[in-house]
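A structural walkthrough
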Amino acid sequence: MDTTGTLFMPPGQSTLSGEVDSLFYFIFYMSVFFFVLIVAGTIIFVYRYRRRGKAGLTSGVSHNTTLEVTWTVIPLILVLIIFVWGFKTYMRMNVVPKDAIEIKVTGQKWFWSFDYPEGATTVNELVVPVDKPIKLLMSSKDVIHSFFVPAFRMKMDVLPNRYTITWFEAIGAGNYDLLCAEYCGKGHSEMLGKVKVVSDREYAEWLEKGPGTGEGLNPVDFGAQLYKSKACFTCHSVDGTPNIGPSFKGVYGHKASLEKGGETAVDENYLRESILDPQAKIVAGYQPVMPTYQGVLKDKQIDALIAYIKSLKE
Ligand code: CUA
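Cut-offs applied
Residues numbered from 1 in each chain as written. Predicted model: local features only at pLDDT ≥ 70, side-chain atom pairs only at ≥ 80, totals over all residues. Heavy atoms only, no water. Helix = DSSP H or I, 4+ residues; strand = E, 2+ residues; numbered from the N terminus. Expected span 1.5 Å × (residues − 1). Contact = heavy atoms within 4.5 Å. Pairing = 2+ DSSP bridges. Axes fitted to C-alpha atoms, helices over the stretch in contact; angles between N-to-C directions. Domains from an automatic or database assignment. Buried area = accessible area lost by both parts, 1.4 Å probe. Salt bridge = Lys/Arg side-chain N within 4 Å of Asp/Glu carboxyl O. Polar contact = N/O pair within 3.5 Å; in protein donor to acceptor, adjacent residues only side chain to side chain. Nonpolar A, V, L, I, M, F, W, Y, C, P; charged D, E, K, R; others polar. Buried < 20%, exposed > 50% of the residue type's maximum accessible area, 1.4 Å probe, protein only. Parallel < 35°, antiparallel > 145°, perpendicular 65-115°, else oblique. Left-handed = near helix turned anticlockwise from the far one by under 90°.

1. A look at helix 1 (residues 17–48)
The end-to-end C-alpha separation of helix 1 is 46 Å, in line with the 46 Å expected for 32 residues at 1.5 Å each. On the buried face of helix 1, the contacting elements are helix 2 (65–94).

See the structure below:
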């Protein structure tokens, strides 16, 4: 299996990456070969058969059957090879093995969330065991995103109102980049994550710990953890710098001017409303781009986030 990185691609880390690479390089080097052949041929013919005055007229040959059949049959064979090879690989990439672990993937502006069969949820980090087929059942809450893991040679669109399905089997433990490969608005370039491939035992332990339950944390620390794990940082800073949304620093206890006029006190109820119904009261100077977290965050998590925001005093 080819696992070495090249100029074009990072080291292949899935069971199918070697196959994808072989086909890619077959097409690539074939294109290079024909590019050189055609460009060199053009240059030679242009020079050799250039106009040299009346005496140098070329003969009036109009066609050559052998030559024409040859340059039709050879490309036909080549494209048929690409078709059969590509079709076989395509089928392998699209038929999910029966024993695959199913994980639900949700794309939304501008983060990824993952729901595991055992009830755990993560944001921007997909944790999977090595050497096990993983089925991804994917959908979007808003616009089209695209789930792209270069190391697995895997890319699949994630659409609103329907599911797309893909699968992979990682062949090496490690952290691999996850990107959104479909322009989806202002935060597209920050819609990044990791696929963390761990051993079977680590995976079982990790599931048991129950990520996102806040077990053993006080509300402020749990809120700080959620700020990271639920990707609030994509739009809200904690150092006072305005981003896509207002900074969390010192926001609690202030009066905020609203986009539609008037102002509101930033208290617990306003923070809760802004998490569950973000469009209700937009702060002046910001776009109404935040998605609702209704059904995404549990009450205990909302309480923790509010506690965390309250702790960020100026
Ligand atoms: Cu999501 Cu680009």
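Now that the structure has been shown, we can carry on.
2. Some words on the sheet that holds strand 5 (residues 133–140)
Ordered by their spatial adjacency, five strands build an open sheet running 3-2-1-5-8, and the pairing between neighbours is mixed. This sheet does not close on itself; its edge strands, each paired only once, are strand 3 (121–123) and strand 8 (164–169). Each strand of the sheet is rotated relative to its neighbour by a mean of 25°, with strand direction disregarded. The pairing of strand 1 (residues 101–108) with strand 5 spans seven bridges and is parallel.

3. Comments concerning the domain arrangement of the chain
Buried accessible area, meaning the area lost when the parts come together, often serves as the stated size of an interface. For the chain, the domain assignment lists domain 1 (101–208) and domain 2 (219–311). Summarising the inter-unit geometry, the C-alpha centres of domain 1 and domain 2 are found 26 Å apart. Contacts between the two partners involve 11 residues from domain 1 and, on the opposite side, 11 residues from domain 2. Contact between domain 1 and domain 2 buries roughly 960 Å² in total, counting both sides, with carbon and sulfur atoms accounting for 59%. Ranking the residues of domain 1 by area buried against domain 2 places Trp-110, Phe-111 and Val-123 at the top, with a combined share of 44%. For the pair domain 1 and domain 2, the number of links is zero salt bridges. Inspection of the region where domain 1 meets domain 2 yields zero residue pairs in polar contact (both at pLDDT 80 or more). Of the residues contributing to the side of domain 1 that touches domain 2, the split by class is three nonpolar, four polar and four charged.

4. Focus on the sheet that holds strand 9 (residues 174–180)
Sheet architecture is open: five strands sit in the order 4-10-9-6-7, paired in mixed fashion. Each edge of the open sheet carries a strand with a single partner, namely strand 4 (125–129) and strand 7 (154–158). Neighbour-to-neighbour, the strand axes of this sheet turn through a mean angle of 20°, independent of strand direction.

5. A short note on the pairing of strand 6 (residues 145–149)
Most of strand 6 sits inside the fold, with four of its five residues counted as buried. Note: strand 6 against strand 7, five bridges, orientation antiparallel. Following the sheet pairing, Ser-146 is matched in strand 7 by Asp-157. Two successive antiparallel strands, strand 6 and strand 7, enclose a turn made up of four residues, where Arg-153 displays a positive phi of approximately 55°. Bridge analysis of strand 6 against strand 9 gives two bridges, and the strand direction is antiparallel. From the neighbouring strand, Phe-147 faces strand 9, where its bridge partner is Cys-180.

6. A short note on the packing of helix 1 against helix 2
Where helix 1 contacts helix 2, the axes come no closer than 10 Å and their chain directions differ by 160°. On the basis of the axis angle, helix 1 is roughly antiparallel to helix 2. In this structure, the crossing between helix 1 and helix 2 has a hand that is left-handed. Judged by residue contacts, Glu-19, Val-20, Ser-22, Leu-23, Phe-26, Ile-27, Met-30 and Phe-34 of helix 1 engage Leu-78, Ile-81, Ile-82, Trp-85, Gly-86, Thr-89, Arg-92 and Met-93 from helix 2. Classifying every residue of the contact of helix 1 with helix 2 gives 11 nonpolar, three polar and two charged.

7. Details of the pattern of salt bridges
Here the structure, examined in full by the defined rule, presents nine salt bridges. Note that Asp-21 is salt-bridged to Arg-153, the shortest N-O span being 2.6 Å. With Asp-21 in helix 1 and Arg-153 in the loop between strand 6 and strand 7, this residue pair connects regions lying 132 residues apart in the sequence. Take Arg-153: its relative accessible area is 9%, and that puts it in the buried class.

8. What to know about the pairing of strand 1
Most of strand 1 sits inside the fold, with six of its eight residues counted as buried. Pairing analysis gives five bridges linking strand 1 to strand 2 (residues 111–115), with the strands arranged antiparallel. When the sheet's bridge partners are listed, Lys-104 is paired in strand 2 with Asp-115. As consecutive antiparallel partners, strand 1 and strand 2 are separated by two residues.

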